[in-house]
Amino acid sequence: MAGRFNPRTPTRTTVRGGHLPLPTPTQQPPPRKGTRHYTPPAPLDLGLTLGPLRRGPADPTFRTTPDGEVWRASRTPEGPGTLRVALRDGRAEADAWGPGAEWLLAHLPALLGDADDPTAFTPRHRLVAEAARHRPGLRLTRTGLVLESLIPSILEQKVTADEAYRAWRLLVRKHGEPAPGPAGMPDHMYVMPDPRTWALIPSWEWHRAGVDAKRSSTILRAVRVARRLEEATALPPEDAAARLHLVPGIGPWTSAETLQRAMGAPDLVTVGDLHLPGIVGYALAGDRTADDAAMLELLAPYAGQRHRATRLILLTGRTPPRRAPRMSPRNIGAL
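Description of the structure in this document. (Residues numbered from 1 in each chain as written. Predicted model: local features only at pLDDT ≥ 70, side-chain atom pairs only at ≥ 80, totals over all residues. Heavy atoms only, no water.)

Okay, the environment of P43 next. Counting through the fold element by element, P43 comes out in the loop between β1 (32–38) and α2 (46–50). Using a relative accessible area of 53% as the deciding quantity, one classes P43 as exposed. Sequence-wise, P43 and G137 are 94 residues apart; in three dimensions their C-alpha atoms are separated by 4.9 Å. If we ignore the near neighbours within four places in the chain, the residues touching P43 are P136, G137 and R139. (Helix = DSSP H or I, 4+ residues; strand = E, 2+ residues; numbered from the N terminus. Buried < 20%, exposed > 50% of the residue type's maximum accessible area, 1.4 Å probe, protein only. Contact = heavy atoms within 4.5 Å.)

Below, the discussion takes up helix α13 (residues 252–262). Buried residues dominate α13, accounting for 10 of its 11 residues. Taken residue by residue, α13 has W253, T254, S255, A256, E257, T258, L259, Q260, R261 and A262 as its buried positions. Against the buried residues of α13 lie α6 (147–155), α12 (237–245) and α16 (306–316). Where α13 terminates, the next one or two residues include G264, which has phi positive at roughly 60°.

Turning to empty space enclosed by the protein, a few remarks are in order. Taken as a whole and assessed by the stated rule, the structure comprises two cavities of 30 Å³ or more. Approximately 120 Å³ is the volume found for the largest cavity. Lining the largest cavity are 13 residues; nearest its centre among them are L53, T61, R72, E148 and W168. Breaking the lining of the largest cavity down by element, the ones donating at least two residues are β3 (70–76) and α6. No other element matches the four residues that β3 contributes to the lining of the largest cavity. Taken together, the residues that form the lining of the largest cavity break down as four nonpolar, three polar and six charged. Here the second largest cavity is characterised by a volume of approximately 60 Å³. Forming the boundary of the second largest cavity are R72, L83, W103, L104, H107, L108, L111, R142, T143, L145 and E148. (1 Å grid on protein atoms, 1.4 Å probe; cavity = no way out; pocket = protein on both sides within 12 Å on 5 of 7 lines; lining within 4 Å. Points joined across faces, edges and corners; volume = space filled by probe spheres on them. Nonpolar A, V, L, I, M, F, W, Y, C, P; charged D, E, K, R; others polar.)

If you want it as structure tokens, here you go:
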């Protein structure tokens, strides 16, 4: 009998009485957890500082807007969260959403390079000095999160950037979760999977994303000890790198690329890179054939700040003229 007084479809009488049936929301929109303002002690360029965190132009965890806002979706120790940062009149304004919002806001100064000391850097080469003068807002970011930089760095091992970006994009969209946030936030933003979800990705999904067994196995080994790897940010950079190296498949190249972002380590140099030694050698000594040993010798005057020196060299755009066609990306997922 109760159904007689609760019609499934609105009648003329119920409509006139103001009855408007609405679908039951499947999920409540996450409320904004907080706002924080931060005034950096020196000039800050948001794009230069946070740019290394973006993994390709379609990275689902990173978006920029035409008005200069940066949006990041992260998996923090408190859970997923989305951070919006904008620079207004020299002051950073940040909003955050989701369970990880408070953590993201608490770490905002470190993310924007508050722990970085650019005054410790003394240029020793005219090209480097010019780069430093033209980019006073460069700061080395510190995310405090290892896994979110480690996994895309593993995906970048021994492949082209386009291949790695595609794999990261497909895996995060397929196995991650929609980023928490307000209506009107950038579309198609996702938080990367948690360690357990990474571990449960079937082999054919790795293959479809173009990730070979060597790289996927390295990621699976890393997520099994995710907690211990995340603790590395509390260690000195050398000890943190040594901890990452305990995972088979993680070497100096991967650990440097990870800790440069997670810890803002100013002296960690990326060795084992296909192009970086030639770029540094050509910029500082006109030697396009430089290897890792020659690169480290050229960077020796910048001891303590060698990562910053390489960033500035890369920003000059001074690279050796190309002598061979660009490497063609592969797609093993099509095999």
